[in-house]
Amino acid sequence: MAQAEESFEQFEEEEAEAPLGATLSGRKRLFSKELRCMMYGFGDDQNPYTESVDLLEDLVIEFITEMTHKAMEIGRTGRVQVEDIVFLVRKDSRKYARVKDLLTMNEELKKARKAFDEVKYAGIPN
Amino acid sequence: MENIFSKMEANSGNVLEVDVKNPLDSPHVKTELLGNQDSQEQRLLSHEDVLKKEEDDIHQRSDSDDNEDANLDQAATALEDMLTKTEDFTSRSESAHDTKENIAQSLQGTSFESEIILPKLALCDRKEKKRESKSRKELEEEEREKMQVLVSNFTEEQLDRYEMYRRSAFPKASIKRLMQTITGCSVSQNVVIAMSGIAKVFVGEVVEEALDVMENQGEVGPLQPKHLREAVRRLRLRSGIPNGHPHRLWFRI
């Protein structure tokens, strides 16, 4: 039992220390559950193949990695900012519209939450 | 008669507006233009995509695991209530035709409407097109109503799939961790939100293209990796996917 735990901890340590690019696509699955739901939502079968989910996860991670690397080269080098991402997807109409919507909605929700809190504070003396 | 023409014009105006706003709808818009006199459902399908993008993130955030988002959930529902209540007040009818009449009434005022309908409707067309381009909220409200009608007519399987489509999202914590590992410095929350949304759109594009591939090959059932790979290949040709390391993908197996 103790030996199994020790080897398990060592295995985890190795995973945490190993560089991400090569091993992440082979080791821990980050998005298995969410990807399954997403694939079903987009039209796949209710139980997608595990190999398909794995392949999609690798594709997503590669996509995010590429975008992040490109964003680091734009604007302020070494940092990723929202404007960089918006600039990168400007050609792709779907993604561009989606980013714009998300950010606008986020602002609206922040304002709503702020207004909600202010109302709460104002309404207490009643 | 004039009402029918004005309704069709108004709807084609809506279609053009939707096209400008969201080129995403282009396949749906084409079917709409072809079958403009057809049933409501085609129009509903085109507006469905617009609404999905607008309201999707609220549900995304209500499902995330952060503690902050519990409050955000309340705010989100509050905001949604506010928006839907304003819908109920301002949209006095169900069809575009009636709102057009209301606009005409509010524009022109009082007594001469019943006498001089024809030229006023002609004037109203131009004014209304200007107004429609300005009053996106009215368009959004109409679309929301149509979405509600559509969703209320879903079968249970469709409802399930629609719920999965709206609610599924990438966990923000994992995305943030991944990006911070890549960049080596911290990323702001807006960046994580934007990246999660784009990643979801990316998954949608790949899955839809893969379903097309599967259909072309005449197969059924769950998607197989070969369909996904063919879909990615096609999307790369169309430059939908960034391609910094073309050799890496194929060595992984």
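Residues numbered from 1 in each chain as written. Chains lettered and ligands numbered in written order. Predicted model: local features only at pLDDT ≥ 70, side-chain atom pairs only at ≥ 80, totals over all residues. Heavy atoms only, no water.

The next subject is the overall build of chain A. When helices and strands are counted, chain A shows six helices and zero strands. Mapped in sequence order, the helices and strands of chain A form the string α-α-α-α-α-α. Relative to its 126 residues, chain A shows a buried fraction of 36%. Excluding contacts between residues fewer than 6 apart, the proportion of contacts in chain A whose partners are at least 24 apart in sequence is 24%. When the accessible surface of chain A is summed, it comes to about 7,700 Å², and 52% of that surface belongs to carbon and sulfur atoms. (Helix = DSSP H or I, 4+ residues; strand = E, 2+ residues; numbered from the N terminus. Buried < 20%, exposed > 50% of the residue type's maximum accessible area, 1.4 Å probe, protein only. Contact = heavy atoms within 4.5 Å. Areas by Shrake-Rupley, 256 points an atom, 1.4 Å probe, with all protein chains shown as cover.)

All right, on to the overall build of chain B then. Scanning chain B from terminus to terminus reveals 12 helices and zero strands. Going from the N terminus to the C terminus, chain B shows its helices and strands as α-α-α-α-α-α-α-α-α-α-α-α. Evaluated residue by residue, chain B yields a buried proportion of 43% over its 253 residues. In chain B, of all internal contacts separated by at least 6 residues, the share reaching a separation of at least 24 is 57%. For chain B, the exposed surface amounts to about 14,200 Å²; the carbon and sulfur share of it is 53%.

Right, let's talk about the nonpolar core for a bit. One finds Leu56 and Ile64 of chain A together with Phe170 and Val203 of chain B to be the most contacted residues of the largest nonpolar core, which totals 52 residues. For this core, the leading source of residues is helix 10 (residues 189-216) of chain B, giving 12 residues. Apart from residues no more than four positions distant in its own chain, Val203 of chain B is found in contact with Leu35, Met38, Phe42, Leu56 and Val60 of chain A together with Phe170 of chain B. (Core = buried A, V, L, I, M, F, W, Y, C linked by side-chain atoms within 4.5 Å.)

Inspection of the entire model under this criterion finds five aromatic pairs over all chains. Taken together, a centroid distance of 5.7 Å and an interplanar angle of 70° make the contact between Phe154 of chain B and Tyr162 of chain B edge-to-face. Classification of Phe154 of chain B by relative accessible area gives buried; the value is 19%. Judged by relative accessible area, which is 12%, Tyr162 of chain B ranks as buried. Of the aromatic side chains, those joined through ring pairs into one cluster are Phe42 of chain A together with Phe154, Tyr162 and Tyr165 of chain B. Arg90 of chain A extends its terminal NZ or CZ atom over the ring of Phe87 of chain A, reaching a point 4.0 Å from the ring centre. (Phe/Tyr/Trp six-rings, centres within 6.5 Å; stacked < 30°, edge-to-face > 60°. Lys NZ or Arg CZ within 6 Å of the ring centre and 35° of its normal.)

Before going further, it helps to spend a moment on helix 3 (residues 32-42) of chain A. Every α-helix carries 3.6 residues per turn, so stepping three or four residues along brings you back to the same face. Considered for burial, the residues of helix 3 of chain A that qualify are Leu35, Met38, Met39, Tyr40, Gly41 and Phe42 of chain A. On the buried face of helix 3 of chain A, the contacting elements are helix 4 (50-73) of chain A together with helix 8 (156-167) and helix 10 of chain B. Of the residues trailing helix 3 of chain A, Gly43 of chain A is marked for its positive phi of about 125°.

Glancing now at the packing of helix 4 of chain A against helix 11 (residues 225-237) of chain B. For the pair helix 4 of chain A and helix 11 of chain B, interaxial distance at closest approach is 9 Å and the crossing angle is 25°. In terms of axis orientation, helix 4 of chain A runs roughly parallel to helix 11 of chain B. Of helix 11 of chain B, the residues touching helix 4 of chain A (which contributes Glu51, Ser52, Leu55, Leu56, Leu59 and Glu62 of chain A) are Pro225, Leu228, Arg229, Val232 and Arg236 of chain B. Of the residues assigned to the contact of helix 4 of chain A with helix 11 of chain B, the class counts are six nonpolar, one polar and four charged. (Axes fitted to C-alpha atoms, helices over the stretch in contact; angles between N-to-C directions. Parallel < 35°, antiparallel > 145°, perpendicular 65-115°, else oblique. Nonpolar A, V, L, I, M, F, W, Y, C, P; charged D, E, K, R; others polar.)

Bringing the pattern of salt bridges into the picture now. As enumerated under the stated definition, the model contains 16 salt bridges over all chains in all. Where Arg29 of chain A meets Asp58 of chain A, a salt bridge forms, and the shortest distance between an N and an O atom there is 3.5 Å. Note that Arg29 of chain A is positioned in the loop between helix 2 (20-23) and helix 3 and Asp58 of chain A in helix 4, a separation of 29 residues in sequence. Asp58 of chain A gets classed as buried once you look at its relative accessible area, which sits at 9%. In this structure, Glu209 of chain B engages Arg238 of chain B in a salt bridge whose closest nitrogen and oxygen atoms are separated by 2.9 Å. Taken together, the positions of Glu209 of chain B in helix 10 and Arg238 of chain B in the loop between helix 11 and helix 12 (248-251) put the pair 29 residues apart, joining distant regions of the chain. Residue classification places Glu209 of chain B among the buried positions, given a relative accessible area of 9%. (Salt bridge = Lys/Arg side-chain N within 4 Å of Asp/Glu carboxyl O.)

Once that is clear, we can look at helix 9 (residues 172-183) of chain B. All names here are of chain B. The terminal C-alpha atoms of helix 9 lie 16 Å apart, and with 12 residues this matches the ideal 16 Å at 1.5 Å per residue to within 8%. Among all positions in helix 9, only Lys172, Ser174, Ile175, Leu178, Met179, Ile182 and Thr183 are buried. The arc that holds the buried residues of helix 9, viewed along the axis, is 165°, so those residues lie on one side. Of the exposed residues in helix 9, those oriented more than 90 degrees away from the buried face are Ala173 and Arg177. At the C-terminal side of helix 9, Gly184 shows a positive phi close to 85°. (Expected span 1.5 Å × (residues − 1). Arc of directions from axis to C-beta.)

Residue and element names in this part refer to chain A. Averaged over chain A, the pLDDT score is 80; the fraction of residues at 70 or greater is 76%. Within chain A, no element has a lower average pLDDT than helix 2, which sits at 47, and none a higher one than helix 3, at 92. Ignoring residues within four places in sequence, the model shows residues 8-23, a span with pLDDT below 50, making seven contacts including any to other chains. (pLDDT = per-residue confidence, 0-100.)

Turning our eyes to something else, we now look at the packing of helix 6 (residues 93-123) of chain A against helix 10 of chain B. At a minimum axis separation of 9 Å, helix 6 of chain A and helix 10 of chain B run at an interaxial angle of 140°. Viewed along their axes, helix 6 of chain A and helix 10 of chain B form a crossing whose handedness is right-handed. Listed contacts from helix 10 of chain B to Arg94, Lys95, Arg98, Val99, Leu102, Leu103, Asn106, Glu107 and Lys110 of chain A of helix 6 of chain A are Asn190, Ile193, Ala194, Gly197, Ile198, Val201, Phe202, Glu205 and Glu208 of chain B. Of the residues contributing to the contact of helix 6 of chain A with helix 10 of chain B, the split by class is eight nonpolar, three polar and seven charged. (Left-handed = near helix turned anticlockwise from the far one by under 90°.)

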